[in-house]
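# Observations on the three-dimensional arrangement
This is what each chain is made of:
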Amino acid sequence: MSSSRPRMTGIGRVLVVVYAIMALAATGRSFVQIVQDFSAAPVAYLLSAAAAVVYILATVALVKSGSRAWYVVAWVAICFELAGVVVVGTLSLVVPELFAHDATVWSGFGYGYFWVPLVLPVLGLWWLARGGRETSAEPELVEERSSW
C-alpha cells in the first residue's frame, strides 16, 4: 500500500515558505542595492547578497532534506545563517559606523524584517534536530489474513 502523504508537512512546510520569502526579499534588496549604488556601502550590500544566497540554499536544502546530503547542506546553511545574523547583528549595534550608509538583511539581528532572520534559523535548526528528514512514504501496512 503506498502513501499519498506529502513530503513536507506542518512546520517543515511553513519553514520552507518563510525561507523562500526571505530568499526573494534578500535577493531583491541586494540586487537593487548593488545595481543602484554599490559604492555607497559595498560591505553591507555584499552581506545582503550573501544572505540571499544562504536563504536560497537553505530553502532548496530543506525541500530536499529527505536526502542525507541535502540534510547536511541544510544544517550547514542554517548554522552559517545563524552565525551571520549574530555576528552582523552584533557588529551593527557595537560598531554602527560599519553600516552607517545602509543596513544589511542581518543588521540589528534582522530588525528591518521584524527579527525573522534571528528566529528563522533557530526554528530551522530545531526542526532539523527533531528529525526534519521527512520521508515521502510511510511504512507499508501488511494485512494479516487468517487461514480459517
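An account of the accompanying structure is given in this report. No experiment lies behind these values; they were computed from the predicted model shown.

### Points about unusual backbone geometry
Phi at Phe109 takes a positive value of approximately 60°, unusual for a residue other than glycine. Notably, Phe114 is not glycine yet its phi reads approximately 60°, a positive angle. Along the chain, Phe114 falls in the loop between helix 3 (68–94) and helix 4 (116–129). Under the relative-accessibility criterion, Phe114 is labelled exposed at 70%.

### What to know about helix 2 (residues 42–63)
Taking 1.5 Å as the rise per residue, helix 2 with 22 residues should run 32 Å; its terminal C-alpha atoms sit 32 Å apart, in good agreement. Among all positions of helix 2, only Ala44, Tyr45, Ser48, Ala49, Ala51, Ala52, Val54, Tyr55, Ala58, Thr59, Ala61 and Leu62 are buried. Against helix 1 (10–37), helix 3 and helix 4 lie the buried residues of helix 2.

### Thoughts on the packing of aromatic side chains
The tally for this structure, following the rule as stated, stands at three aromatic pairs. Measuring from centroid to centroid gives 6.0 Å for Tyr19 and Tyr55, while their planes differ by 50°, and the two rings are tilted. Taken together, the residues Tyr19 in helix 1 and Tyr55 in helix 2 connect sequence positions 36 residues apart. By relative accessible area, which is 0% here, Tyr19 ends up buried. Given the relative accessible area of 0%, Tyr55 is considered buried. Each ring, one from Tyr55 and one from Trp106, has its centre 6.4 Å from the other, and the planes form 75°; the classification is edge-to-face. Of the two residues, Tyr55 sits in helix 2 while Trp106 sits in the loop between helix 3 and helix 4, which places them 51 residues apart along the sequence. By the burial criterion, Tyr55 is buried, and Trp106 matches it. Feature note: the residues Tyr19, Tyr55 and Trp106 constitute an aromatic cluster, connected by ring pairs.

What counts as what
- Residues numbered from 1 in each chain as written.
- Predicted model: local features only at pLDDT ≥ 70, side-chain atom pairs only at ≥ 80, totals over all residues.
- Heavy atoms only, no water.
- Helix = DSSP H or I, 4+ residues; strand = E, 2+ residues; numbered from the N terminus.
- Buried < 20%, exposed > 50% of the residue type's maximum accessible area, 1.4 Å probe, protein only.
- Expected span 1.5 Å × (residues − 1).
- Contact = heavy atoms within 4.5 Å.
- Phe/Tyr/Trp six-rings, centres within 6.5 Å; stacked < 30°, edge-to-face > 60°.

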